[in-house]
Amino acid sequence: MSDETRLAFAHPSERAKATAGNDPLDRISLSDHEREVEIGAFQQERGLLQRVRFNVVVEVRSAANPDADDVDRILSYDTISEAIDHELQAERLNLLETLAARIAERILAHPLAARCFVRIEKLDRGPFALGVEIVRTAPERPRLSLLKDGAPHPLVVYLSNEAIARPDLAALLDRLEGQGKPVILCVGRPDSGAPVADHAMPQRRIDLLAIEQNAWILASHDDRCVVVETRTELDWAMKHDRISVWAPSKLVLDSVDGPETSVRSGEALALWLAESFEAEGMLFLGGNAPKADIALTVLAPDAMPAL
């Protein structure tokens, strides 16, 4: 038997492996999922439930991370089973091909889904299985952007714990306000650190909450600083020229294209926010060093203020 013939009758996962490129993606699968379905173009198939078997393989854009056991960062198996359920309940279909295409389209609507293999077989038409198999590829998606059309591009500023305690913090905020750009302030975890959990997922949430505690500490130093956590709050603050202090939990946990790195790094989270909001620039402010020595990372050099 040739490889081509063998792959035609093998499980879709084998076909996925055989057609992977030089940089293969991770895969999740649902195998031998049987349902009773009314489907078929022939008259004798109307009003009759017949067993149908589903095998689905999805290649995903995110790689498994041994240090991030976090269900919010992966494509769930439920995405596959719910796509099947939705299309079976939507309407009666004549063709397995149509059902397979609609299931694949629904799965590929998920931002992490890259390619989908769907095999559907009728099991009650004889002493054999009659079926179809399709493969579909997700369209190219634009880079994540949290910035709404027409919204101003902000200046994102990361403040170290030393910067939060600077005696001239109010003066720095005055100068930031004077640049004519919305300002989003970001912070890291407080120096006291955060409790240590036994597993990565609860630790991720603990670290985010620790950052948010530090955000409230910063806000307590100046009445102009307003702690915000949602995209809607950030949009409102930017449009009204308010100084926002970002509380990251909601945006990070809700985003399927969240930061690749650990949330223990406040600087990395700030950079992710700056990229997602298409910031005019980004400043990293340190402690009590002279202004000329302030560390500066520029995303858009021509737009940066000279602090």
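Residues numbered from 1 in each chain as written. Predicted model: local features only at pLDDT ≥ 70, side-chain atom pairs only at ≥ 80, totals over all residues. Heavy atoms only, no water.

### A word on the sheet that holds strand β7 (residues 225–228)
Put simply, the rule reads: Here a strand pair is declared whenever DSSP counts at least two bridges between the two strands. Segments assigned H or I by DSSP are reported as helices when at least four residues long, segments assigned E as strands when at least two residues long, and all are numbered from the N terminus. In this description, a line fitted to the C-alpha atoms serves as the axis of each element, helices being fitted only across the stretch in contact, and the angle between N-to-C directions of two axes falls anywhere from 0 to 180 degrees. Note on definitions: a residue-residue contact is assigned when non-hydrogen atoms from the two residues lie within 4.5 Å.
Here 5 strands make up an open sheet; going across it, the order is β7-β8-β6-β5-β9 and the pairing parallel. Where the open sheet ends on each side, the last strands, each with one partner, are β7 and β9 (281–285). Looking at each pair of strands side by side, their axes are set apart by 30° on average, direction ignored. Bridge count between strand β5 (residues 155–159) and strand β6 (residues 183–187): 5 bridges; the pairing is parallel. Across the sheet, the residue bridging to Leu159 is Val187, located in β6. Across the sheet, helix α7 (residues 200–221) is in contact with β5, β6, β7 and β8 (243–246); its angle to β6 comes to roughly 125°. Sheet strands touched by helix α8 (residues 231–239): β6, β7 and β8. Its angle to β8, the strand with the most contacts, is close to 155°.

### A few points about empty space enclosed by the protein
Heads up, the condition is: Space inside and on the surface of the protein is sampled on a 1 Å grid over the protein atoms alone, with a cavity defined as a set of points where a 1.4 Å probe fits but cannot get out and a pocket as an open set with protein on both sides within 12 Å along at least 5 of 7 lines; lining residues have an atom within 4 Å of a point. Grid points are joined across faces, edges and corners, and a volume is the space filled by probe spheres set on the points. Classification used: nonpolar for Ala, Val, Leu, Ile, Met, Phe, Trp, Tyr, Cys and Pro, charged for Asp, Glu, Lys and Arg, polar for all others including Gly.
Within the structure shown, the criterion is met by 1 cavity of 30 Å³ or more. Elements that contribute at least two residues to the lining of the largest cavity include exactly β6 and α10 (266–276). Top contributing element to the lining of the largest cavity by residue count: α10, with 3 residues. By residue class, the composition of the lining of the largest cavity is 7 nonpolar, 1 polar and no charged.

### A look at the nonpolar core
For soluble globular proteins, nonpolar side chains are generally found buried alongside one another. To keep it simple, the criterion reads: Here the nonpolar core consists of buried residues drawn from Ala, Val, Leu, Ile, Met, Phe, Trp, Tyr and Cys, with membership extended through side-chain atoms lying within 4.5 Å. With a 1.4 Å probe rolled over the protein chains alone, any residue whose accessible area is under 20% of its type maximum counts as buried; one over 50% counts as exposed, and the rest are partly exposed.
Among the nonpolar cores identified, the biggest contains 44 residues, and Val157, Leu185 and Trp246 are the most heavily contacted of them. The contacts of Trp246, once residues within four sequence positions are left out, are Ile184, Leu185, Cys186, Ala215, Val228, Leu234, Leu251, Val252, Leu269, Ala270, Trp272 and Leu273. Formed by 29 residues, the second largest nonpolar core is a distinct cluster that contains Phe54, Leu75, Ile84 and Ala104.

### Focus on unusual backbone geometry
Not every positive phi belongs to a glycine, and Asp32 is a case in point at roughly 55°. Counting through the fold element by element, Asp32 comes out in strand β1 (residues 26–37). Residue classification places Asp32 among the exposed residues on the basis of a relative accessible area of 52%.

### Looking at the packing of aromatic side chains
Cut-off, in case you're wondering: Stacked, edge-to-face and tilted labels apply to pairs of Phe, Tyr and Trp rings (six-membered ring for Trp) whose centres lie within 6.5 Å, assigned for plane angles under 30 degrees, over 60, and everything in between, in that order.
One pass over the structure, following the stated rule, counts 2 aromatic pairs. Aromatic side chains Tyr158 and Phe284 sit 5.8 Å apart centroid to centroid with 50° between the ring planes, which places their arrangement in the tilted category. One end of the pair, Tyr158, is in strand β5; the other, Phe284, is in strand β9, with 126 residues separating them in the sequence. Neither Tyr158 nor Phe284 differs from the other in exposure class; each is buried.

### Structural notes on the packing of helix α3 (residues 77–90) against helix α4 (residues 96–108)
Heads up, the rule is: Orientation labels follow simple angle bins: below 35 degrees gives roughly parallel, above 145 gives roughly antiparallel, 65 to 115 gives roughly perpendicular, and whatever is left gives oblique. Left-handed describes a crossing in which the near helix is turned anticlockwise from the far one by less than a right angle; the clockwise case is right-handed.
Axis separation between α3 and α4 bottoms out at 9 Å; the angle between their running directions is 135°. Taken together, the axes of α3 and α4 lie oblique to each other. Like other packed secondary-structure pairs, α3 and α4 cross with a definite hand, here right-handed. Along its contact with α3, which presents Thr79, Ile80, Ala83, Ile84, His86, Glu87 and Leu88, the element α4 presents Leu99, Arg102, Ile103, Arg106 and Ile107. Residue classes in the contact of α3 with α4 are distributed as 7 nonpolar, 2 polar and 3 charged.

### A look at the confidence of the model for the chain
Worth spelling out the cut-off: What pLDDT reports is the predictor's confidence in each residue, on a scale of 0 through 100.
When the pLDDT values of the chain are averaged, the result is 78; 74% of them are 70 or greater. Low pLDDT, under 50, characterises residues 142–147; the predicted model gives this stretch 22 contacts beyond four residues in sequence or across chains.

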